[in-house]
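So the chains spell out like this:
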Amino acid sequence: MRINAAKHLIIGGGIIGCSIAYHLARMGEKDVVLLEKAALTEGATWHAAGLVGQLRSSRNTTRMLQKSVEMYDRLEAETGLNFDWKKVGSLRLAASKDRMLEAKRLATMARSFGLEMNVISPDEAKALFPYISTEGLEGAAFIPSDGHVDPASLCQAIAAAARKLGVRIEQGVEVQDFEVANGRVTKVLTNKGSWEAETVTLATGMWSRELGAKLGLKIPACAVEHQYIVTEPIPDFRAGLPTLRDPDRLVYYKPDAGGRLVIGGYEDNTQPFGDDGIPGGFVRQLLPENLERFEPLAVNAAKVTPIVNEVGIRTVINGPIPYSTDGDFVLGPVPGLQNLMLATGFLYGIAAGGGAGEMIAEWLLEGRPSLDLWPLDNRRFGPHHGARAYMYPRAVEHYAHHYKMRYPGAEAEAVRNLRLSPLHARLKEKGAVMGSKNGWERPLWFAPEGVDPVDQLDFLEPGWKTFVAQEHRAVREGVVLIDQSSFAKFELVGLGALAAIQRLSVSNMDKPIGTVIYTQLCNELGGIEADVTITRLAKNHFYIVTGAGFGVHDSDWIRQHLPDDAMLIEVTSARAVINICGPKSREVLAQICEEDISNEAFPFATARDITLGAAPVRAIRIGYVGELGWELHIPTEFALHVYDALISAGEPSGIKDIGYRAIDSLRMEKGYLYWSADITPDYTPIEAGLGFRVHLKTGGNFIGREKLKTQKEDGVSQSLCCFATRENLPLTGGESLFCEGQRVSLVTSAGFGYSVGKSICFGYLPSTLADKTEFAIEVFGVRHPIARVQAPLYDPKNLRLKS
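Residues numbered from 1 in each chain as written. Predicted model: local features only at pLDDT ≥ 70, side-chain atom pairs only at ≥ 80, totals over all residues. Heavy atoms only, no water.

Caption draft 1: Layout of the overall build of the protein chain. Across its full length, the protein chain carries 17 helices and 38 strands. For 803 residues, the compact-globule estimate of 2.2 N^0.38 gives 28 Å, and the protein chain sits close to it at 27 Å. Principal-axis analysis of the C-alpha atoms gives the protein chain an extent of 85 × 65 × 50 Å. Going through the 803 residues of the protein chain one by one, you find that 61% of them count as buried. Of the roughly 30,000 Å² that the protein chain leaves accessible, carbon and sulfur atoms contribute 49%. One finds the centroid of the 85 positive side-chain charges in the protein chain at a distance of 4 Å from the centroid of its 96 negative side-chain charges. (Helix = DSSP H or I, 4+ residues; strand = E, 2+ residues; numbered from the N terminus. Rg over C-alpha atoms; globule rule 2.2 N^0.38 Å. Buried < 20%, exposed > 50% of the residue type's maximum accessible area, 1.4 Å probe, protein only. Areas by Shrake-Rupley, 256 points an atom, 1.4 Å probe, with all protein chains shown as cover. Lys, Arg positive; Asp, Glu negative; His and termini not counted. Charge placed at Lys NZ, Arg CZ, Asp CG, Glu CD.)

Caption draft 2: Spatial organisation of the sheet that holds strand 27 (residues 567-570). Overall, antiparallel pairing links the five strands, which are arranged 24-25-26-23-27 in an open sheet. In this open sheet, the two strands that pair with only one neighbour each are strand 24 (516-522) and strand 27. Strand after strand, the sheet turns through a mean of 30° between neighbouring axes, direction not considered. Where strand 25 (residues 528-538) meets strand 26 (residues 541-546), five bridges bridge the pair, whose relative direction is antiparallel. For R536, the partnering residue across the bridge sits in strand 26 and is F542. Set on the sheet, helix 12 (residues 497-504) makes contact with strand 23 (488-493), strand 24, strand 25 and strand 26; between it and strand 26 the angle comes to about 40°. (Pairing = 2+ DSSP bridges. Axes fitted to C-alpha atoms, helices over the stretch in contact; angles between N-to-C directions. Contact = heavy atoms within 4.5 Å.)

Caption draft 3: Local environment of helix 14 (residues 585-592). Taken as a whole, helix 14 has its buried residues at S585, R586, V588, L589 and I592. For helix 14, the angular spread of buried residues about the axis comes to 165°, placing them on one side. Looking at the buried positions of helix 14, the neighbouring elements they touch are strand 28 (575-581), strand 29 (607-612), strand 31 (629-635) and helix 15 (639-650). (Arc of directions from axis to C-beta.)

Caption draft 4: Structural detail: the sheet that holds strand 28. Read across the sheet, six strands follow the order 29-30-31-28-22-32 without closing on themselves; strand pairing throughout is mixed. The sheet is open, and its two borders are formed by strand 29 and strand 32 (656-657), each paired with just one other strand. Looking at chain direction, strand 30 (residues 615-620) and strand 31 are connected through three bridges and run antiparallel. Bridge pairing in strand 31 links R618 to H633. Strands strand 28, strand 29 and strand 31 of the sheet are contacted by helix 14, whose axis makes an angle of about 30° with strand 31.

Caption draft 5: Here's a closer look at the pairing of strand 21 (residues 440-446). Of all seven residues that make up strand 21, seven are buried, and the element is covered over most of its length. Note: strand 20 (residues 432-437) against strand 21, six bridges, orientation antiparallel. Note on strand 21: the bridge partner recorded for S436 is E441. In sequence, strand 20 turns back onto strand 21 through a hairpin of two residues, with N438 there showing a positive phi of about 50°.

Caption draft 6: Inspection of the environment of V224 at higher detail. In this fold, V224 is placed in strand 12 (residues 221-231). When its relative accessible area of 0% is taken as the criterion, V224 is described as buried. Apart from the residues lying within four places of it in its own chain, the contact partners of V224 are T270, Q271, P272, F273, G319, P320, I321, Y323, A395, V396 and Y399.

Caption draft 7: Summary view of the side chain of T61. By the secondary structure assignment, T61 is in helix 2 (residues 59-79). A relative accessible area of 3% places T61 in the buried class. Apart from residues no more than four positions distant in its own chain, T61 is found in contact with R56, Y348, L373 and L376.

And the structure:
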């Protein structure tokens, strides 16, 4: 069989694959080859609706989509090809008071991301899109730089630009299998010979799951049916219309050639496609129309734009569109396969195509994109996310909720009760309102007797806050238990374990056995790749704990940098975790503990093996709420025994259970940071105020050392700051911060501190504003004064934590 070679091999000739090839070549890469099993665009690209919207809930995802618009703005000049790019803006209607609040919140968020979005009146909306009815409208939001495009022509233009830069595009080449050796894809087998390449990228849309299975992977990317209609021509059609979305009525619109409208939407109970395998010959095909399922959308569309009652339907399009388990993209490297990159699961691939191609190209060349894309990172998923029994029901649910109102804190409902703590049934009996994290059921808050254990969500006054305030005070004044079994847990062992962890961690890890160290793992640029707690169990034995959603990511980062004489073993399921905390926690714990747990015998930031009741327990004196407490890491089979013993011993002290929403409030008061929000690979420990964890004198030659050394010596250009106000504001993160009328920062996380009686938020400020203390924060379109303050606001000397 003929063997071909390439430096970069991209599989898939839709808009994403073509964009990756184009950007690699534009960055100067040679020997870039794209393989497409049929012809370009013939998967899902050709029948996409073609809306290009930029605003998403993540700043960096929004920035990535802005890069798409920048590319589409210049592409015609590069290629000489017209692909019908119309930068006419997008209009988002608000047909309810809550939707209007959402529009104001989105506009605030957009401005914090550097994207212009204006809240306008119903009449102003009608002036932009005359066919809408203003009946029942509260208002709308308008983004001037959005638009629409012809997807197939755009893809062909990108391919032409890629060819012009030297990219080879091979059509009619079907990938049939792979060969893997030593953690690398060594050969790609096709119907026209095999290929060897330094990097292999799967940009294969709905076929990704099947191709991934050949590599032993469960890629959480799939396809679902999506329908839209094209109307007959509308007389005297208004030129230059923006795209239109009415999320309350679940429909969208795109002006089309010949005076027509494309009308689609996101209905309940769409059908999965290819769940039992995609038919081999499925190329440039559509699915049978299902007007019964589309009818509710058609009825809604007639209310939004009554003129559609006067024109017929020219065409019904029902085609499979790529989707993923959580409704967002699946990007990035694959743990265990050094040269494989994923770029799949693109629901809105036309809007993302330009920017995503650039980010993946950077990832291939630099080892990371210039924007941290954690919300889209393949490593946010666990093995269960790619299982058919989980992926398809979740995808169908996310599809149905694409436009439906999702209040802050809303949880998915499909495929729940998957990963259960040993305490789950007990906590449910006690009124736990559960959320889901990486498949784990975890208590968000507890409903007192007489209150339905159902989450109470709202933009302005979510009902759960009343109960979380009570849980917060219980931690500060008494003793509580928190089920934190969902922590991801690992053990690092081997003769090279100490050397490996010294290389990875910014802190000195060569501490006495039993020491607990909070530290960061950084990349070469000093960006924070992981934020973890590490306990030294023996000379070359370390216990690593990270958040429930970060285990795959963090373990992948660690394994990438391990020598041959060190091994990382996941032990998440081996131990449940009960956090006992509060000023009365020692007296309760001592009642069932056989060992001395006084402050002298068991100081802060140490770990010991103790006996609780009849259970052997690894007790770690650390925490995330700012009070005296211990994380009790318990062999799973003993967990219920320990929990019941603690509840019994703590009854005279008024022991309570609390959930994760209270933790968030408590940590804000203490200035504790959260990876993926306050700290990410975009920021260094020095910038985040964690310089005290960076041990330049006693630590090892850790990754990122030179960057952090320079920052410690020369200072930084930005720093994470804390802001607070006595006003109880409905903050959720993503708000804009202003100084003297100018937008200066984005809120990374926020909450209310019930002990200090203040709304608290964090955000990065440029060093030029270091002397400023008076700021404003924009919430639902209204600016409120807020002061920059010194963190932490609660117990700044850590007297309670170390008592």
